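Chain by chain, the residues:
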Amino acid sequence: MVLSKPDEYKKSLESPYNDEKQPTSAGLAGDPDARSRDVFSQLTDMDNGFQCLLDKVKQDMQAAKDAMLFLRKRAAIEEEYGKQMVKLAQSMGESFDKAHPRSGTYGDAWTSFLKVHETIGEQRLRFSADITEVADDLQLLVKDTEKGRKQVKDVGLKHEKQLTDADLTLEKCKQKYEMHSEEWERAILQKNNDPVVPKKGLFKNNKTQAQLNKMEEDARVKATMADKNYRQQLQATNASRQEYFQMHLPKILSSLKDVGDECCVALRYQLARYAYIFEQGLTADGLALDNDDGLGLRSLTEKIDKDADIMSFLKSYSSRGNSRSYKSEIPYKEYSMSATALTVLNPNPVFGVDLNTLMDRDREEVPLILTKCAEAVQMYGLNTVGIYRLSGVNTQIQKLRAAFDRDCRGVNLLAEEYISDISNITSVLKLWFRELPDPLFPRSTYQHFLSAAKIEDERMRVLGLHTIINDLPDAHYATLKYLMGHLDQVQQHQRYNKMGSANLATIFGLTLMGNESGVTGASIDSQDSERLAETQWQVKVVQTILDNYRLIFEPDEP
C-alpha cells in the first residue's frame, strides 16, 4: 500500500480548487482564478454580500469545530482501547507464565500471541496521541478563524454604519428641502391670489401686498438654502457610497474571503493528515497481525504442535517420580533417625563444614549439595516467579538438611516430595552457604572485595574483582564459578521469574560474604551499624561478578 504524506497532500490543497476541471460558464473555461473572481463579483453585486460571506465563514468555522470534537472523542476511544488491550495482554501473560512454566509449543505461541496484542495496544496509544495533536491544531484553527472573522466584521460594520449615517443625513436634508420648497410654492401662489391655495382660519387673507412679497422672499431664501444643503449632502453621500462600494467593500470582502479560504484549506489538510495517520495505524496493525517474520497470529497458530507438547508433558511428568507405583513392588521405607544419631553414624556432614575440608574429603571440586540443588532449580525452577527470593517451609527445610547431612550423595531432589515446592531446595542451599565456617568470599579477602566494589570506573572495578577472585583458594574459586554460572542461567529467564542480577545480588550479598570478624574495640551496636552500611557494597560485589560472569571466569560454553 502506498500512502500519500500529509505534506504532499497539503501542496495539492494550497489552491482551493486544485486542478479539477470545472464546468465553463460566463467565460470561466474552468480557470480557478476566473472562478474566484466570479464569486468575488457576485458577492460585490449582492445587497447583502458581506453578511452572506460572514455566514459562510461561520459555517466553515463550525465545520472545523465539529471535526475537532469528533477527533477528540475518537482519540479518547482509541486511548482507552489501547490501555485496556495492553493491560489485558500483560495480565494474561503473567498469569499464564505462573500457571504453565513449561508449556511447550503452545506456550511459546500463546506468549507471542499476547505480545502481538500488546503491540497493537501500544500502536493504538500512539495513534490516539497523533489524533489528539490533529485535534489541537484544529482548535487553534477555529480560534484563529474566529479572531480573523471578528476583526473583518468589526471593520465592515464600521463602514456600513458610516454609510447608513450618511443616508439618514441625506434623507433629513431632502425632507427639509421639500418642506421649504413647498412653503415657497404656497407663498408664491398666495402672493398671486391663487384660489387653489386654501384659506386658513375663518377669515380671509387680509395681508397687504408688501407683507405677501416679504413672505414670498423669506420662503424663497429658505428653499434656496435647503436646496444647497440637500445638493451638498447628496454629493457627499454619493461620494461615500462610491468609496464604500468601490474601495472599502471589495477590500473587506477580500480579507474575509481570505479568512474563509484559509480555514477551508487548513481543515482539508488536517483531515488529510488524519486520514494518513489512520492509514498508517491500520497498516501497522496489519503488519502486527501478519508479517514475513512468522510472528503474525496465523503463523503463530501454525507453530502449535500438539503431539510434541504431549510428549514433552509426559516426559516432564514422569521425571518427577511418583510416591507409589502400582506396577512395581512396594519399596522398603527406612526409619528416620534423629539428627544426633545420624551425626554419630555418619561422620561426613555437609553443613557447617569448610569448603577446603569438603574438597579434600569428598574429592569434588564443587560440593555435591550445590550441584544437586542447582540442577534441580535449572530443571524445574527457572520460570518460577521470585526464585531464591521466596522462602520454603521450615519443617521441610530442616528435613532436607538432615537428609544431606546423613547421605549427601543419596539425596534425590527430583522426587515429588522435593520438587513440589522448589523454594524448599533454594532455601536449604542458602542455609548451607550461611553456615559455612569461612564464607564463600573468605574473611581474609573481605576488605579487598569491598575496596574493589567502591571503584567508580566499571572496567577497573571488574579488573580489580577479577584479580582478587583469581587469588582465591581452589575450593572457593571452583564453588564461586559454579554458583555464578548457575545464577547467570537464572537471570537469563528473568522475563519469567522476575529475578535479574540486581535482585539476585541483594539476596546473595550477605549470604556469600558474611561479615568481617576482625573488628575489635567497638560495641555491638556500632559493629551492626558498620555492617549495615557495608551491605550495599556486598551487593555491588555480587552484582558486578554476576553481570561480568563470562568475562571474569571465561566458561567453556557461551
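Attention in this report is confined to the structure presented alongside it. The shown structure was predicted, so the numbers you read here are calculated from the model rather than taken from an experiment. (Residues numbered from 1 in each chain as written. Predicted model: local features only at pLDDT ≥ 70, side-chain atom pairs only at ≥ 80, totals over all residues. Heavy atoms only, no water.)

1. What to know about the environment of Asn-503
Part 1 of the argument: Its location among the elements puts Asn-503 in helix H18 (residues 501-513).
Part 2 of the argument: Owing to a relative accessible area of 36%, Asn-503 belongs among the partly exposed residues under this scheme.
Part 3 of the argument: The spatial distance from the C-alpha of Asn-503 to the C-alpha of Gln-491 is 9.2 Å, given a sequence separation of 12 residues.
Part 4 of the argument: From its side chain, Asn-503 meets the backbone oxygen of Lys-498 in a polar contact 3.1 Å long. (Helix = DSSP H or I, 4+ residues; strand = E, 2+ residues; numbered from the N terminus. Buried < 20%, exposed > 50% of the residue type's maximum accessible area, 1.4 Å probe, protein only. Polar contact = N/O pair within 3.5 Å; in protein donor to acceptor, adjacent residues only side chain to side chain.)

2. Things to note about the packing of helix H13 (residues 422-434) against H18
Part 1 of the argument: Between H13 and H18, the least distance of the axes is 8 Å, while the angle of their chain directions is 35°. Judged by residue contacts, Lys-430, Phe-433 and Arg-434 of H13 engage Ile-507, Phe-508, Thr-511 and Leu-512 from H18.
Part 2 of the argument: Residue composition of the contact of H13 with H18, grouped by class: 4 nonpolar, 1 polar and 2 charged. (Axes fitted to C-alpha atoms, helices over the stretch in contact; angles between N-to-C directions. Contact = heavy atoms within 4.5 Å. Nonpolar A, V, L, I, M, F, W, Y, C, P; charged D, E, K, R; others polar.)

3. Regarding the side chain of Gln-270
Part 1 of the argument: Mapping Gln-270 onto the fold places it in helix H5 (residues 209-289).
Part 2 of the argument: For Gln-270, a relative accessible area of 9% corresponds to the buried category.

4. Considering the nonpolar core
Part 1 of the argument: In this structure, Tyr-388, Phe-404, Trp-432 and Met-484 are the most contacted members of the largest nonpolar core, which totals 69 residues.
Part 2 of the argument: Excluding residues within four positions of it along the chain, Trp-432 makes contact with Val-350, Phe-351, Leu-355, Leu-358, Pro-367 and Ile-369.
Part 3 of the argument: Judged by nonpolar contacts, the second largest core, of 17 residues, contains Ala-75, Ile-131, Leu-141 and Leu-267. (Core = buried A, V, L, I, M, F, W, Y, C linked by side-chain atoms within 4.5 Å.)

5. Concerning unusual backbone geometry
Part 1 of the argument: Phi angles above zero are rare outside glycine, and Arg-363 is one such case at about 55°.
Part 2 of the argument: Relative to the helices and strands, Arg-363 is located in the loop between helix H9 (355-362) and helix H10 (368-380).
Part 3 of the argument: One non-glycine residue with positive phi stands out, namely Tyr-388, at about 75°.

6. Observations regarding the packing of aromatic side chains
The way to describe two aromatic rings as a pair is by their centre distance and the angle between their planes.
Part 1 of the argument: Applying the stated criterion across every chain yields a total of 12 aromatic pairs.
Part 2 of the argument: Between Phe-70 and Tyr-274 the ring centres are 6.4 Å apart and the planes differ by 90°, which places this aromatic pair in the edge-to-face class. In this pair, Phe-70 is assigned in helix H3 (residues 49-99) and Tyr-274 in helix H5, connecting sequence segments 204 residues apart.
Part 3 of the argument: Look at Phe-70 and you get partly exposed, because its relative accessible area is 47%.
Part 4 of the argument: An angle of 85° between the planes, with centres 4.8 Å apart, marks the rings of Phe-441 and Phe-449 as edge-to-face. (Phe/Tyr/Trp six-rings, centres within 6.5 Å; stacked < 30°, edge-to-face > 60°.)

7. Quick look at the pattern of salt bridges
Part 1 of the argument: Tallying each qualifying case throughout the model produces 25 salt bridges.
Part 2 of the argument: In this structure, Glu-364 and Arg-409 form a salt bridge, with 3.5 Å as the shortest nitrogen-oxygen distance. Here Glu-364, found in the loop between H9 and H10, pairs with Arg-409, found in the loop between helix H11 (394-406) and helix H12 (416-419); they are 45 residues apart in sequence, far enough to count as distant.
Part 3 of the argument: Of the residues examined, Glu-364 reaches a relative accessible area of 28% and is grouped as partly exposed.
Part 4 of the argument: One salt-bridge network, in which partners are shared between bridges, spans Arg-74, Glu-78, Arg-124 and Asp-285. (Salt bridge = Lys/Arg side-chain N within 4 Å of Asp/Glu carboxyl O.)

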